[in-house]
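Fold and geometry: a report
Chain residues, written in single-letter form:
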Amino acid sequence: MSTKNINQYLKLLLSMCAMFYVSLGLAFASEKGTAPEAEAMVKKAVAYIKSNGAEKSYEEFTHGKLFKDRDLYIIVYDLNGKNLAQGANPKLVGKDLIGLKDPDGKPLIQMFVDLAKSKGKGWVEGYKFLNPVTQKIESKAMYLERVGDTLVGCGIYKN
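To keep things clear, this report deals only with the structure shown in the data block. Predicted model only: the values in this text are computed from it and were never measured.

**Focus on the environment of Phe 129**
As for its placement among the helices and strands, Phe 129 is situated in strand S4 (residues 121-130). On the basis of relative accessibility, which here comes to 22%, the residue Phe 129 falls in the partly exposed class. In contact with Phe 129, other than residues within four places in its own chain, are Tyr 73, Gln 86, Leu 100, Leu 108, Lys 136, Ile 137, Glu 138, Lys 140 and Tyr 157.

Structural data, given as structure tokens:
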């Protein structure tokens, strides 16, 4: 095999490797939920609560499968910081978490409650939380909507 043929072969091989890594990156990126998907899930959850009642809905959000998609899941808190539903960690349900802080000391549940009380809906950004898919602490943003005396949220991981 000539040097020219070897160089052509190596270029082809490198091109194929590059295409593989790009496609792998795109596949991994699609495994994460997006902001529009999080907002849509919250709206679906709010409609579910209105049609099925709180108790049945919270059970579905925590233990069911209708409101879990990759790293997207529903949370519900009352406006005092008590967890009412948690799609990623059922052990948190029933706990007063108003004082919960992220690894950088940000009071995330208090931030959720403050947004729900002041604006009614929107995004809380700039905190970190455990991603249930990767099992790593990652930057996160949470979309929230107030429903009576509760807030319903779904977050996206941003790493």
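And the narrative resumes.
**So, the packing of aromatic side chains**
Counted by the stated rule, this structure contains six aromatic pairs. A centroid spacing of 6.1 Å and a plane angle of 50° characterise the contact between Tyr 48 and Phe 61, whose relative ring orientation is tilted. Of this pair, Tyr 48 sits in helix H2 (residues 35-52) while Phe 61 sits in helix H3 (residues 54-63), and the two are 13 residues apart along the sequence. The exposure classification of Tyr 48 matches that of Phe 61, with both residues buried.

**Some thoughts on the pairing of S4**
For S4 and strand S5 (residues 137-147), the ladder comprises eight bridges, and the chain directions are antiparallel. Across the sheet, the residue bridging to Lys 128 is Ser 139, located in S5. Hairpin connection of S4 to S5: six residues between the antiparallel strands, including Gln 135 at a positive phi of 60°.

**Quick word on unusual backbone geometry**
The bulk of non-glycine residues show a negative phi, and the bulk of peptide bonds are trans. For Arg 70, which is not glycine, the phi dihedral falls at a positive 55°. Mapped onto the elements of the fold, Arg 70 is located in the loop between strand S1 (68-69) and strand S2 (72-78). Positive phi values are uncommon outside glycine, yet Gln 135 reaches one of about 60°. With respect to the secondary-structure elements, Gln 135 resides in the loop between S4 and S5. Taking the relative accessible area as the measure of exposure, Gln 135 reaches 53% and is therefore exposed.

**Examining the nonpolar core**
Residues Val 42, Phe 61, Phe 67, Ile 74, Val 76, Val 152 and Cys 154 are the most contacted members of the largest nonpolar core, which totals 20 residues. Put simply, the parts of the chain that give this core at least two residues each are H2, H3, S2, S5 and strand S6 (150-157). The element best represented in this core is H2, accounting for seven residues. Counting residues in each nonpolar core, the second largest holds 18 residues, with Leu 92, Leu 115, Val 124 and Met 142 among its members.

**A few points about the pattern of salt bridges**
Pairing between side chains of opposite charge can happen when the charged atoms of each approach one another. Inspection of every chain in the model, using the stated rule, returns seven salt bridges. Its salt-bridge partner being Glu 138, residue Lys 32 comes within 3.1 Å of it at the nearest N-O pair. Placement of the pair is Lys 32 in the loop between helix H1 (3-30) and H2 and Glu 138 in strand S5, with a sequence separation of 106 residues. The two residues Lys 32 and Glu 138 agree in class, both being buried.

**Some remarks on the pairing of S6**
Across the eight residues of S6, eight count as buried, placing the element largely inside the fold. Across the two faces of S6 the burial is the same, with Thr 150, Val 152, Cys 154 and Ile 156 and Leu 151, Gly 153, Gly 155 and Tyr 157 all buried. Pairing of S2 with S6, which is carried by five bridges, proceeds in the antiparallel orientation. Residue pairing across strands places Asp 78 opposite Thr 150, the latter belonging to S6. Bridge count for S5 against S6 is eight bridges, and the pairing is antiparallel. In the strand pairing of S6, Tyr 143 is matched with Cys 154. Linking S5 to S6, which pair antiparallel, is a turn of two residues; within it Gly 148 sits at a positive phi near 60°.

Conventions adopted
Residues numbered from 1 in each chain as written. Predicted model: local features only at pLDDT ≥ 70, side-chain atom pairs only at ≥ 80, totals over all residues. Heavy atoms only, no water. Helix = DSSP H or I, 4+ residues; strand = E, 2+ residues; numbered from the N terminus. Buried < 20%, exposed > 50% of the residue type's maximum accessible area, 1.4 Å probe, protein only. Contact = heavy atoms within 4.5 Å. Phe/Tyr/Trp six-rings, centres within 6.5 Å; stacked < 30°, edge-to-face > 60°. Pairing = 2+ DSSP bridges. Core = buried A, V, L, I, M, F, W, Y, C linked by side-chain atoms within 4.5 Å. Salt bridge = Lys/Arg side-chain N within 4 Å of Asp/Glu carboxyl O.

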